Protein chains: 2
Amino acid sequence: MDVLVIGAAGMVGRKLVSKLAAGGVVGGRVIDRLILADVVAPEAPAFEGNIDTVPADLSEPGVADTLLATRPQLIFHLAAVVSGEAEADFEKGYRVNLDGTRALLEAVRMAGSKESYVPKLVFASSIAVFGAPLPEVIGETECLAPLTSYGTQKAISELLLADYSRRGFLDGIGIRLPTIVIRPGKPNKAASGFFSGILREPLAGQEAVLPVDDSVRHWFASPRAAVNFLLHAAGLDTSRLGSRRSLTMPGLSATVGDQIEALRRAAGEAAVRRIRREPDETIARIVAGWPQNFDASRAAALGFVAEKSFDEIIKAHLEDEPRSVAA
Amino acid sequence: MDVLVIGAAGMVGRKLVSKLAAGGVVGGRVIDRLILADVVAPEAPAFEGNIDTVPADLSEPGVADTLLATRPQLIFHLAAVVSGEAEADFEKGYRVNLDGTRALLEAVRMAGSKESYVPKLVFASSIAVFGAPLPEVIGETECLAPLTSYGTQKAISELLLADYSRRGFLDGIGIRLPTIVIRPGKPNKAASGFFSGILREPLAGQEAVLPVDDSVRHWFASPRAAVNFLLHAAGLDTSRLGSRRSLTMPGLSATVGDQIEALRRAAGEAAVRRIRREPDETIARIVAGWPQNFDASRAAALGFVAEKSFDEIIKAHLEDEPRSVAA
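Residues numbered from 1 in each chain as written. Chains lettered and ligands numbered in written order. Predicted model: local features only at pLDDT ≥ 70, side-chain atom pairs only at ≥ 80, totals over all residues. Heavy atoms only, no water.

So, the pairing of strand E1 (residues 2-6) of chain B
Residues and elements named next belong to chain B.
- With respect to burial, E1 is a largely interior element, 5 of its 5 residues being buried.
- Here E1 shows a buried face lined by Asp-2, Leu-4 and Ile-6 and a second buried face lined by Val-3 and Val-5.
- As paired elements, E1 and strand E4 (residues 33-38) share 5 bridges and run parallel to each other. Looking at E4, one finds that Ile-6 is bridged to Ala-37. (Buried < 20%, exposed > 50% of the residue type's maximum accessible area, 1.4 Å probe, protein only. Helix = DSSP H or I, 4+ residues; strand = E, 2+ residues; numbered from the N terminus. Pairing = 2+ DSSP bridges.)

Digging into the pattern of salt bridges
Residues and elements named next belong to chain A.
- For the structure shown, the criterion picks out 48 salt bridges over all chains.
- For Arg-109, the salt bridge identified is with Glu-106, shortest N-O distance 2.8 Å. Of the two residues, Arg-109 and Glu-106 both sit in helix H4 (residues 90-114), 3 residues apart, roughly one turn of that helix.
- Its relative accessible area of 10% is what places Arg-109 among the buried residues.
- Residue class for Glu-106 comes out partly exposed when judged on its relative accessible area of 24%. (Salt bridge = Lys/Arg side-chain N within 4 Å of Asp/Glu carboxyl O.)

Some points on the interface of chain A and chain B
- Taken together, the contact pairs 36 residues of chain A with 36 residues of chain B.
- Here chain A packs against chain B, burying approximately 2,900 Å² in sum over the two surfaces, 51% of which is carbon and sulfur.
- It is Phe-90, Leu-159 and Arg-244 of chain A that lose the most area in chain A upon contact with chain B, and together they represent 22% of the buried surface on that side.
- At the junction of chain A and chain B, the tally comes to 8 salt bridges.
- With its nearest N and O atoms 2.8 Å apart, the salt bridge here joins Glu-91 of chain B to Arg-109 of chain A.
- In this structure, the connection of chain A to chain B is made through 24 residue pairs in polar contact (both at pLDDT 80 or more).
- Among the secondary structure elements, those contributing two or more residues to the side of chain A that touches chain B are helix H3 (83-88), H4 and helix H5 (149-166) of chain A. (Contact = heavy atoms within 4.5 Å. Buried area = accessible area lost by both parts, 1.4 Å probe. Polar contact = N/O pair within 3.5 Å; in protein donor to acceptor, adjacent residues only side chain to side chain.)

A closer look at the packing of helix H6 (residues 193-203) of chain B against helix H8 (residues 256-272) of chain B
Residues and elements named next belong to chain B.
- Where H6 meets H8, the closest approach of the two axes is 10 Å, and the angle between their N-to-C directions is 10°. With respect to H8, the element H6 is oriented roughly parallel. In this structure, H6 contributes Phe-194, Phe-195, Ile-198, Leu-199, Pro-202 and Leu-203 to the contact, and H8 contributes Val-256, Gln-259, Leu-263, Ala-267 and Ala-271.
- Grouping the constituent residues of the contact of H6 with H8 by class yields 10 nonpolar, 1 polar and no charged. (Axes fitted to C-alpha atoms, helices over the stretch in contact; angles between N-to-C directions. Parallel < 35°, antiparallel > 145°, perpendicular 65-115°, else oblique. Nonpolar A, V, L, I, M, F, W, Y, C, P; charged D, E, K, R; others polar.)

Notes on the packing of aromatic side chains
All names here are of chain A.
- Considering all chains together, one arrives at 22 aromatic pairs over all chains under this definition.
- On the basis of an interplanar angle of 55° and a centroid distance of 5.5 Å, the ring pair of Phe-130 and Phe-294 is categorised as tilted. With a gap of 164 residues between them, Phe-130 in the loop between strand E7 (120-126) and H5 and Phe-294 in the loop between helix H9 (281-288) and helix H10 (297-301) connect regions that are remote in the sequence. Each member of the pair, Phe-130 as well as Phe-294, is classed as buried.
- For the ring pair Phe-195 and Phe-220, a centre distance of 5.0 Å and an interplane angle of 75° mean the geometry is edge-to-face. Taken together, the residues Phe-195 in helix H6 (residues 193-203) and Phe-220 in strand E11 (residues 217-221) connect sequence positions 25 residues apart. (Phe/Tyr/Trp six-rings, centres within 6.5 Å; stacked < 30°, edge-to-face > 60°.)

Brief notes about the domain arrangement of chain A
Residue and element names in this part refer to chain A.
- For chain A, the assigned domains are domain 1 (2-177 + 221-248) and domain 2 (193-219 + 251-292 + 308-324).
- Counting residues at the interface gives 11 residues for domain 1 and 10 residues for domain 2.
- Buried surface at the junction of domain 1 and domain 2, both sides included, amounts to about 910 Å², of which 58% is carbon and sulfur.
- Summed over the shared surface of domain 1 and domain 2, the result is 3 salt bridges.
- Across the pair Asp-320 and Arg-224 runs a salt bridge whose closest N-O atoms are separated by 2.9 Å.
- The residue makeup of the side of domain 1 that touches domain 2, split by class, is 6 nonpolar, 2 polar and 3 charged. (Domains from an automatic or database assignment.)

Points about the pairing of strand E11 (residues 217-221) of chain B
Residue and element names in this part refer to chain B.
- With 4 of its 5 residues buried, E11 lies for the most part within the structure.
- As paired strands, strand E9 (residues 179-180) and E11 are joined by 2 bridges and run parallel to one another. Within the sheet, the bridge partner assigned to Ile-180 lies in E11 and is Ala-221.
- As paired elements, E11 and strand E13 (residues 252-255) share 4 bridges and run antiparallel to each other.

Below is the structure:
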């Protein structure tokens, strides 16, 4: 089977590709060829089968067709302009996150109009499809009411995925990722950046800034869990989804205080002292509109699994990112 | 104020235009010019101000710009390919119902980038944005999970309307219309057609076919109520909507049996005998997935009003469509 990964150079994309290449199997089927696409050509990991790395902007005419040339039976679509950029650059956000996704769906549909072709398509959505006012625990039938252009683009993509699946053009599944922590690498400017930073930096012996109260609650999973969600979705029989093709992934509902206690258990008081409190009203206001907790029982019943504590999330980070930890 | 009506030749569009032209005022402001657009040039009613009738397909390049030439401060967007056609012709449905709507929103945004222009935009959405499985009474935060391409296109348009409004490009309000009965004119092939037919035809002395059980429950309002929703939306201060710009309109939850009893009260047993029962499993199955009842308290609190009985709906039909009634 040929497998196409769009957005293969991103943080989750790289980890997914590395697992696909190492195992050589996905959803019980052997991978013959990996086609890795991103706006810059992704790095190719060691892999026994064929591997193509393609610099590709899905929103440009004809690009989606090219990516489908070998008719990959499994497509991971992770490519997106992130939340902050989609908010700052309205046109770029719609071009990449909406037009790009639609171009992919249309290319699949057109390919299927010429020959039998109904690939599995795993789409990375986001809890940003939900926006305040929200109940304390967000249920499985909560309305999509995003408060960002990014969330709007993800919600629209979910609707398209469901309709194209219903019409039989493809076999789609959308997975709404929690906020991913601990993100490896450098601190970034995302409003959610501190959720990773207050663990990652102290674990690496560096200082981190905490702009909100310890009581702030949010919904988390590790990069490792995110990759497992994608792989599990790839192997899932979608007839179990019915007409609702997008699922809120399981996660951990925890407060900043819970994060700090787990850091103390993992790395001691010295690590906790590296968190500097610098309240930022703008960030506090943005974060206040975010989801705090979900009933993700639908995904859980379908076998998706996330961490159950921040101890587990820190452990995954220490195992998966050994070089980023202070000796 | 200039007022643009897109979809002015449709059933609701014609009734809206006729009321706008007769009153000469909307939302407390005098109408200087009516711009009436549809795929075929709409008829122009008698009107004291200026009136333009324009044949226009929104999804064609540049058409939306042309319609905005005089910078109408109020836009009614009612144009759509109907449910059955959007299901039969996938490409046409997306072109008209999604690309057409997006072209309008983009034209407004681009006009506003050159000069101050933030028109009110009243968008006709539909309860087709909801799909089974549904609760008996559908609440205000029920997820958008359409089961048709038409419903998908309306749901996507709602999401775009909210985002364009949030970004300050326009002042949007989406109103989810109930199934409109009694539609004047000839029977049509829509799956919902019998809801009008079993009243309209017997009232006109003709036979009608009923393909489902008397127990089938659905959500209704008259064409008169639909026009009043649009006019009320045009005058509404949208700051009262918060970030959720689309509203389920009030309606009447009633069964086919309720319809028949109201027909008996209005026109007697002879009229009821003109209903011929011809069960149709396909139609019964389609209708079984439709909403039956809504909590529309949000719209009600904002002053939207619908009929409270089928007696009222029949009365509105007899008053508004005197020529279609048997002597």
